[in-house]
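Listed below are the residues making up each chain.
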Amino acid sequence: MDKDGQMLSIKELADVLNVSQKTIRRHINSGKIKSVKVGGVHRISREQVSSLLEVEEIIVDDLINIGLERGFPYDSKVPSGDLKNKWSKHKGTINLVSPANKRNIDIIVVGTGLAGASASATLAELGYNVKAFCFQDSPRRAHSIAAQGGINASKNYQGDGDSDYRLFYDTIKGGDYRSREANVYRLAEVSANIIDQCVAQGVPFARDYGGLLDNRSFGGVLVSRTFYAKGQTGQQLLLGAYSALNRQVNRGKVEMFSRHEMMDVVVVDGKARGIISRNLVNGKIERHGAHAVVIASGGYGNVFYLSTNAMGSNVTASWKIHKKGAFFANPCFTQIHPTCIPVSGDHQSKLTLMSESLRNDGRIWVPKNIEDAKKIRNKELKPTEIPENDRDYYLERRYPAFGNLVPRDVASRAAKERCDAGYGVNKTGQAVYLDFAAAIIRYGKEKAISTGQDKDNIDLVKSLGKEIIKAKYGNLFQMYEKIVDENPYETPMQIFPAVHYTMGGVWVDYNLMTTIPGCFAIGEANFSDHGANRLGASALMQGLADGYFVLPYTIGDYLADEIKTGPIKTDTKEFDEAESGVNKFIEKIMSNKSGKSVDYYHRKLGKIMWDKCGMSRNAEDLRSAITEIKALREEFYSNVFVPGGADGYNEELAKAGRVADFLELGELFALDALERNESCGGHFREEYQTEEGEALRNDEEFTFVSCWEHMGKDKKPKLNKEELNFKSVELKSRSYK
Amino acid sequence: MELKLKIWRQKNSGEKGAIIDYNVKKIDPDMSFLEMLDVLNQDLIKSGEEPVAFDHDCREGICGMCSLVINGSPHGPDKGTTTCQLHMRRFKSGDTIYIEPFRGTAFPVIKDLVVDRSAFDRIQQSGGYVSVNTSGNTVDANATPIPKPDADEAFKAAACIGCGACVASCKNSSAMLFVGAKVSQYSRLPQGKVEARERVLNMVKQMDKEGFGNCTNTGACEAHCPKGISLDNILNLNREYIKAKIRK
Amino acid sequence: MALSGIFLMVFLVQHLAINLTSLIPDNGYTFNKISHFMGYNPVVQFILQPILMLGVCFHFTMGIFLEYQNRRARKSKYVFHKTRSSWISKNMILSGLVVLAFLALHFYDFWVPEMDYKYVSKLIPAEDRYYHELQEKFHNSTRTVIYCISFVLLGLHLNHGLASSFQSVGVTTSSQKKLKLIANIYSISIAIGFTVVAVFHYFSH
Ligand SMILES: Cc1cc2nc3c(=O)[nH]c(=O)nc-3n(C[C@H](O)[C@H](O)[C@H](O)COP(=O)(O)OP(=O)(O)OC[C@H]3O[C@@H](n4cnc5c(N)ncnc54)[C@H](O)[C@@H]3O)c2cc1C
Ligand code: HEM
Ligand code: SF4
Ligand code: FES
């Protein structure tokens, strides 16, 4: 402040407002803040600032828009202006790289699932040189392939009142108001384009008899906006992205590295400049340089050991960049999916999802009388023998408006509540029924009437109904029967919630860049769009939106400054260091000549996570989880045994690397859950619930993204908060009643 | 359950492999086949030996990563089932089970039961796509209605998971079913028709280059395909190929 | 491969038709007439016959080459391989080789003497000798048995071959089942037809 305390400098004002000086300058330039020049330096009069609140009012809108949140050290780069115009405006104003220069720029993409494959293809198409990595033997096998139910888009083909805004609103609300408005709106905006794109690629979506695209509805929304390809939507979309990727491989624009695992990122002068990878076939450690690194390595649900994720899904790539400076956001936001096949025994290696779409036609229930539940568990009673009146359709009872279609977190907790109360139905007591009998009759009758057959012939009606159910869910039913050995057309399915998706992930700004310049994160690997809970059919949408339509443009904003950099050399000291770090880790792991297997530790970690950081959490459990995970991690390093050598194919070694990172992530996960003293979305803290047992959010104190900063080995990570500001929606407590 | 396993062990592609005998105990009938192998591997690790390497990822029959020839049959004894979906209730205590890799010159063994199927990727790269830019600036998805029967047929062909069981089951190690499925998917859709000719010629050329055998229509591929890809796709491939050749 | 196969299958129908005329109880009159026509018509002799021979040669050379290629496509063999496909479809080379061996015998039996008669010894054309020669050959029970076994294998070869060749040239029938039915009818007729001729002449003299 100047001598008489009447004038503030830009820096002082910035400090007071907790925003960057750049912002203040911008506002001075635009005239929103009036300044006077004193000795060639801008000064803002005390009057202007007299009431800080007043000043805040002038610029608060834009402060929100440009994402310069109080106390948060990074710019989330959300463009200013009206929500609806942000993305087009941003696209129109960010820096671009000319086609001639793109040829000189290399980009590494780690992961070739929906997000990575679509990004690689598009970046290559734009002219960049892409090196893409995946640990499976082919990009087509990425975990995205397993998505069953569908992909959302605000096409409003059904004419049921859908729009970009509604999709945006549903997603924000479904995410329990813990996501960034601007990102979500952009997602809704580009969603329709995804469908056009995929159809043009030959993706065989389901169609109606008129030859037009068909839709179904999914949990948590009131419109039919989900596009699907039987129960194989993820497969068909991934094969579409894979084909686009293949086209670029054929053109020589993408170099594909299958069976390669990213082991570390290399940061040179604060910028991501490459990765260290391990060739999983011959064990060779390799260096790859690039002007930017994109992480598209999927989610970390496997920290729970048992999840619906593929066996190889891991956090390694995200975790390695976290340790080199990328913030990790909301690690505790995990989605527990309500409709999975229950655990059958200790041997269980993974859980299988039954698509959420089944809740369109299936009704969820448990017996009303605890005695019946006991009999069922002892196999003295069959579910079909329980009369309608003795069944408790608890979702329909508790949430009449949405019934069986409540969002996933709500459905999962309700199932847990019933099972904890003793009404669970399989031998472990950890299962509820998903029943199709009513739907079979309903569809059968409709069909009988429309084809002029006898609608009162119950056998005919049933068989017609089964045909229709089969056409809709045939492969899911078949999958269920193979695993459980029961025919779901005749007897209700048994289901139970299981870990399925992680909303948390690497923090990114509006451009999808992490806090390491030049390092980007897309798809499930980032935290961006789903808040504390993801709606069904939105992950595929986000992965493809990021990959096809967002990253390829926003990356230009960063790369525009890289056109003069020239090829990235990999014989530098930074690469040496990163490589030797990887080698040291491998040596350490391989040096134990006996001990427990990697799976042993993974299972143990999973059990801690499920018991203490699972569907419902409390401070005490979370604290003990942190201690237990720490201890387990120490034991892991001294006692894990990996047979064989490091110089060839060695699945155990690959797993050891992944589990080592899970053992670190698990701790942060618990810490995050502990710090978030509220219940929201998939994060349910027992201490914070209403009298009826519904989640109790705390918008006053927790409307922020928890952004964890790695502070070094064995140091407590630092929590940075990105405030979330909602301008276009009103924060309400979610009600699906 | 107790089982005798006869498993192909091979250190790497360069070295010779052999069948080695193992016994596993305490197998629960509700276990999947791969979980049974997990049990074996945990035992092996306990005794300081290297576990049996096998490919797998999703373990729910969709990624196409798992393979294995079980008692002479790719993906095991059940029809329409991948190895990871096979459950031990299918076997009896005391059974002897042969486990071998998918074999074919175009599928070299990497280790034990893990084989290299990248030849499939290269076939796809040679033409298994529609050359449309990914900018999203295309026509509205509903601008071209596709008759449901065509859409359904294309979908059925697109259900292929690229596992390679067709090659593994074929006495000739032919990849015609795999290639046929992809060619048929696109040939049934208006979007795919434009490049139909180049696609089929390039894919067949690449297929031959990879060293797959010739199709003599034994039908083993269809019978072992976990996704029920029909022989009609081979017929369609032949037709598209001949058409493409004639038009040349 | 498929085209040569189809061509050979058409030829077989014609061959069988002529052979069947030997069953007509007119003491070989019709059979002799047709055989003579076939034997001395220049179009048949100098155009169709060489094409047929080339067709056969092409077919089995290709067959053997294909088998060689296909074996190379799996250098490391299965210890245990049991797939869900018919025996004959997997053993076309075997049935083919038997048919080839048979063809050698068949040539030795009929074609070689015929060539000798016509072009080496240059005997005068006689319209009534064919039926007689035919009956002579089937005197021998070993020969008849060999012929019959070969016909069965030929039938099997064709049973797979017909369906296979249609598939290979991309010709559709409305269903795989129908194609299989046609293949069954054709192959059984051919096998039975030739066998009946052979057996008839064995017993009829
Ligand atoms: C069973 C199931 C069903 C689902 N159904 C739906 C649905 O119906 N609708 C919906 O919208 N969403 C669904 N989801 C969620 C959705 O499928 C995923 O969130 C999404 O596919 C993630 O895509 P991705 O591209 O981010 O990552 P992934 O598809 O997981 O791809 C990760 C990629 O990274 C690679 N990778 C990972 N680590 C490394 C490393 N260290 N080095 C090198 N490469 C690495 C992998 O090889 C892979 O290529 C479902 C999820 C599951 C589990
Ligand atoms: C009168 C004699 C013969 C007839 C009518 C005949 C007919 C056929 C037909 C129709 C096919 C199927 C072709 C295809 O699917 O592409 C076939 C296949 C085959 N034939 Fe013959 N054949 C005869 C003799 C032979 C001989 C002498 C051999 C000797 C090796 C042979 C070997 C094969 C083989 C290996 C195949 C398998 C190839 C395939 O199925 O494509 N055949 N034959
Ligand atoms: S056609 Fe069938 S067997 Fe062959 S790769 Fe595809 S799914 Fe596997
Ligand atoms: S492991 Fe994915 S299909 Fe078997």
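Up top is the structure these notes are about.
Residues numbered from 1 in each chain as written. Chains lettered and ligands numbered in written order. Predicted model: local features only at pLDDT ≥ 70, side-chain atom pairs only at ≥ 80, totals over all residues. Heavy atoms only, no water.

1. Some thoughts on the overall build of chain C
Quick reminder of the rule: Strands here are runs of E lasting at least two residues and helices are runs of H or I lasting at least four, both read from the DSSP assignment and numbered beginning at the N terminus. Residue exposure (1.4 Å probe, protein chains only): buried if accessible area is under 20% of the type maximum, exposed if over 50%, otherwise partly exposed. Contact criterion: two residues are considered in contact whenever any of their non-hydrogen atoms come within 4.5 Å of each other. Counted charges follow a simple rule, with Lys and Arg positive, Asp and Glu negative, and His plus the chain ends left uncounted. We put the charge of a Lys on NZ, of an Arg on CZ, of an Asp on CG and of a Glu on CD.
Along the backbone of chain C there are 8 helices and 0 strands. Order of helices (α) and strands (β) in chain C, N terminus to C terminus: α-α-α-α-α-α-α-α. A principal-axis box enclosing the C-alpha atoms of chain C has dimensions of 60 × 35 × 30 Å. Evaluated residue by residue, chain C yields a buried proportion of 41% over its 205 residues. The contacts of chain C with a sequence gap of at least 6 include a subset with a gap of at least 24, amounting to 78%. In chain C, which carries 17 positive and 9 negative side-chain charges, the distance between the mean positions of the two groups comes to 25 Å.

2. So, the nonpolar core
Our working definition: In this text, buried Ala, Val, Leu, Ile, Met, Phe, Trp, Tyr and Cys residues form a nonpolar core when linked through side-chain atoms within 4.5 Å.
With 142 residues, the main nonpolar core has Ile-151, Phe-205, Ile-295 and Ile-555 of chain A together with Phe-212 of chain B as its most contacted residues. Among the elements that line this core, the one with the most residues is helix α17 (residues 539-559) of chain A, at 11 residues. Excluding residues within four positions of it along the chain, Phe-205 of chain A makes contact with Ile-151, Ile-195, Cys-198, Val-199, Leu-213, Phe-227, Tyr-228, Ala-229, Thr-233 and Leu-237 of chain A. With 89 residues, the next largest nonpolar core counts Tyr-399, Ala-532, Ile-589 and Phe-669 of chain A among its residues.

3. Thoughts on the coordination of the iron atom of ligand 2
All names here are of chain C. The test is simple: Sites may look incomplete because water is not among the atoms; the donors themselves are N, O and S atoms within 2.8 Å of the metal, or within 3.2 Å for Na, K and Ca. In short, tetrahedral needs four donors with all angles between 85 and 135 degrees, square planar needs four and octahedral six donors with opposite donors over 155 degrees apart and all other angles between 65 and 115, and whatever is left is irregular.
The protein atoms donating to the iron atom of ligand 2 are His-59 (NE2) and His-157 (NE2), with metal-donor distances spanning 2.0 to 2.1 Å. Taken together, the 6 donor atoms surrounding the iron atom of ligand 2 define angles of 84 to 179° at the centre, an arrangement classified as octahedral. One end of the pair, His-59, is in helix α3 (residues 42-72); the other, His-157, is in helix α7 (residues 141-168), and 98 residues separate them in sequence. An identical accessibility class is assigned to His-59 and His-157; each is buried.

4. A closer look at the packing of helix α10 (residues 233-250) of chain A against helix α2 (residues 118-125) of chain B
Rules: Lines are fitted to the C-alpha atoms to define the axes, a helix being fitted only along its stretch in contact, and any angle between axes, read from their N-to-C directions, falls within 0 to 180 degrees. If an angle is under 35 degrees, it is roughly parallel; if it is over 145, roughly antiparallel; if it lies from 65 to 115, roughly perpendicular; otherwise it is oblique. In this classification, Asp, Glu, Lys and Arg are treated as charged, Ala, Val, Leu, Ile, Met, Phe, Trp, Tyr, Cys and Pro as nonpolar, and every other residue, Gly included, as polar.
Here α10 of chain A crosses α2 of chain B at 80°, and the two axes come no closer than 8 Å. Comparing their axes, α2 of chain B and α10 of chain A come out roughly perpendicular. In this structure, α10 of chain A contributes Tyr-242, Asn-246, Val-249 and Asn-250 of chain A to the contact, and α2 of chain B contributes Phe-120, Asp-121, Gln-124 and Gln-125 of chain B. Looking at the contact of α10 of chain A with α2 of chain B, its residues break down into 3 nonpolar, 4 polar and 1 charged.

5. So, the site of ligand 2
Threshold: Note on definitions. A residue lies near a molecule or strand when any single heavy atom of the residue is within 4 Å of it. For the purposes of these results, a polar contact is taken to be a pair of N or O atoms within 3.5 Å, where, inside protein, one atom must be able to donate a hydrogen and its partner to accept one; residues adjacent in sequence count only when each atom of the pair is a side-chain atom.
Close to ligand 2 lie 22 residues, the nearest being Ala-2, His-59, His-157, Ser-164 and Ser-165 of chain C. Around ligand 2 the close residues trace back to chains B and C. Interatomic distance of 2.4 Å between a side-chain N/O atom of Ser-164 of chain C and an oxygen atom of ligand 2. At 3.5 Å from an oxygen atom of ligand 2 is found a side-chain nitrogen or oxygen belonging to Ser-168 of chain C.

6. As for unusual backbone geometry
The backbone phi angle of Leu-512 of chain A is positive, close to 70°, even though this residue is not glycine. For Leu-512 of chain A, the position within the fold is in the loop between β19 (505-506) and β20 (519-521). Overall, Leu-512 of chain A belongs to the buried group, its relative accessible area being 0%. You will see that Lys-122 of chain C, though not glycine, has its phi angle at about 50°, which is positive. Tracing the backbone through its elements, the reader meets Lys-122 of chain C in the loop between α5 (92-120) and α6 (129-137).

7. Observations regarding the pattern of salt bridges
Residue and element names in this part refer to chain A. Just so we agree on the cut-off: What counts as a salt bridge is simple: a side-chain nitrogen of Lys or Arg found within 4 Å of a carboxyl oxygen of Asp or Glu.
As enumerated under the stated definition, the model contains 77 salt bridges over all chains in all. Across the pair Lys-323 and Glu-664 runs a salt bridge, and its minimum N-O distance is 2.9 Å. Here Glu-664 lies in helix α21 (residues 651-675) and Lys-323 lies in helix α11 (residues 316-323), a separation of 341 residues in the sequence. On the basis of relative accessibility, which here comes to 35%, the residue Lys-323 falls in the partly exposed class. The salt bridge involving Glu-628 is made with Lys-612; its shortest N-O contact spans 2.6 Å. Remark: Lys-612 occurs in helix α19 (residues 598-613) and Glu-628 occurs in helix α20 (residues 619-639); sequence separation between them is 16 residues. Judged by its relative accessible area of 31%, Glu-628 falls in the partly exposed class. The class for Lys-612 is buried, based on a relative accessible area of 18%. In the salt-bridge network here, residues are joined through shared partners; they are Asp-176, Arg-178, Arg-676, Glu-678, Arg-697 and Asp-699.

8. Quick look at the interface of chain B and chain C
Taken together, the contact between chain B and chain C spans 44 residues of the former and 29 residues of the latter. Inspection of the chain B/chain C interface yields 1 salt bridge. As a salt-bridge pair, Lys-171 of chain B and Glu-67 of chain C come within 3.6 Å of each other at their nearest N and O atoms. Counting every contact that joins chain B to chain C gives 30 residue pairs in polar contact (both at pLDDT 80 or more). Those elements that place two or more of their residues in the side of chain B that touches chain C are β4 (73-74), β5 (96-100), α4 (165-169), α8 (220-224) and α9 (232-247) of chain B. Counting residues per element, the side of chain B that touches chain C draws most heavily on α9 of chain B, at 6 residues. For the side of chain B that touches chain C, the per-class residue count stands at 19 nonpolar, 18 polar and 7 charged.

9. Observations regarding the interface of chain B and chain A
As a reminder, the rule being used: By buried area we mean the combined loss of accessible area, with a 1.4 Å probe, across both parts when two parts are placed together.
Of the residues lining the interface, 71 residues belong to chain B; the matching set on chain A comes to 76 residues. Buried surface at the junction of chain B and chain A, summed over both partners, amounts to about 6,100 Å²; 51% is from carbon and sulfur atoms. In terms of surface lost to chain A, no three residues of chain B exceed Glu-60, Thr-134 and Phe-155 of chain B, which account for 12% of the buried area on that side. Between chain B and chain A we count 6 salt bridges in total. Linking Arg-89 of chain B and Asp-485 of chain A is a salt bridge whose minimum nitrogen-to-oxygen distance equals 3.7 Å. Counting the contacts that link chain B with chain A gives 44 residue pairs in polar contact (both at pLDDT 80 or more). Of all the secondary structure elements, the ones that give two or more residues to the side of chain B that touches chain A are α1 (33-46), β6 (109-111), β7 (114-115), α2, α3 (148-158) and α5 (176-187) of chain B. Top contributing element to the side of chain B that touches chain A by residue count: α3 of chain B, with 5 residues. Residue classes in the side of chain B that touches chain A are distributed as 31 nonpolar, 23 polar and 17 charged.

10. Quick notes on the pairing of strand β11 (residues 285-289) of chain A
It is a general feature of regular strands that their side chains alternate between the two faces of the sheet. Residues and elements named next belong to chain A. We count it as follows: Two strands pair if DSSP finds at least two bridges between them.
The sheet contact formed by strand β10 (residues 271-279) and β11 spans 5 bridges and is antiparallel. Across the sheet, Arg-278 pairs through a bridge with Ile-285, a residue of β11. Turn length for the β10-β11 hairpin, with the two strands adjacent in sequence and antiparallel, is 5 residues, and the turn residue Gly-283 shows positive phi of about 75°.

11. Brief notes about the sheet that holds strand β21 (residues 704-709) of chain A
Residues and elements named next belong to chain A. The strand order β19-β13-β21-β22 describes an open sheet built from 4 strands, whose pairing is antiparallel. Two strands in the sheet have a free side with no partner beyond their single neighbour: β19 and β22 (718-723). Across 2 bridges, strand β13 (residues 328-329) lies against β21 in antiparallel orientation. Note that in β21 the partner of Ala-329 across the bridge is Cys-707. α21 contacts β13, β21 and β22 of the sheet and is inclined by roughly 145° relative to β21.

12. A closer look at the packing of aromatic side chains
Just so we agree on the cut-off: The pairing test for Phe, Tyr and Trp rings, Trp by its six-membered ring, is centres within 6.5 Å, and the orientation test on the planes gives stacked under 30 degrees, edge-to-face over 60, and tilted for anything in between. For a ring to carry a charge above it, either NZ of a lysine or CZ of an arginine must fall within 6 Å of the ring centroid while also lying within 35 degrees of the normal to the ring plane.
The final tally for this structure, using the stated rule, is 45 aromatic pairs over all chains. When the ring of Phe-107 of chain B is compared with that of Phe-120 of chain B, the centres are 5.4 Å apart and the planes differ by 75°; the resulting orientation is edge-to-face. Here Phe-120 of chain B lies in helix α2 and Phe-107 of chain B lies in the loop between β5 and β6, a separation of 13 residues in the sequence. Accessibility expressed as a relative area gives 1% for Phe-107 of chain B, which makes it buried. Site record: aromatic cluster; members linked through ring pairs are Phe-585, Tyr-600, Tyr-601, Phe-636 and Tyr-637 of chain A. The ring of Phe-135 of chain A is capped by Arg-658 of chain A, whose NZ or CZ atom sits 4.6 Å from the centre of that ring.

13. Describing α20 of chain A
Residue and element names in this part refer to chain A. Where we set the bar: Working rule for helices: expected span equals 1.5 Å times residues minus one. This arc is built from the directions going out from the helix axis to the C-beta atoms.
Given a rise of 1.5 Å per residue, 21 residues ought to cover 30 Å, and the 30 Å separating the end C-alpha atoms of α20 matches this to within 8%. Burial in α20 covers these residues: Ala-619, Leu-622, Ala-625, Ile-626, Ile-629, Leu-632, Arg-633 and Phe-636. An end-on view of α20 places all buried positions within 140° of arc, on one side of the element. Relative to its buried face, α20 has exposed residues pointing more than 90 degrees away, namely Glu-620, Arg-623, Thr-627, Glu-634 and Ser-638.

14. A look at a positive patch on the surface
Threshold: Patch building starts from residues that exceed 30% relative accessible area and form no salt bridge, then joins like charges within 9 Å and nonpolar side chains (Val, Leu, Ile, Met, Phe, Trp, Tyr) within 5 Å. Each accessible area value is a Shrake-Rupley result obtained with a 1.4 Å probe; residue values ignore everything except the protein chains displayed when judging cover.
A contiguous patch of positive charge on the surface is contributed by Lys-596 and Lys-604 of chain A together with Lys-26 and Lys-46 of chain B. Mapped onto the fold, Lys-26 of chain B is located in the loop between β2 (18-24) and α1. Assessed through its relative accessible area of 76%, Lys-26 of chain B is described here as exposed.

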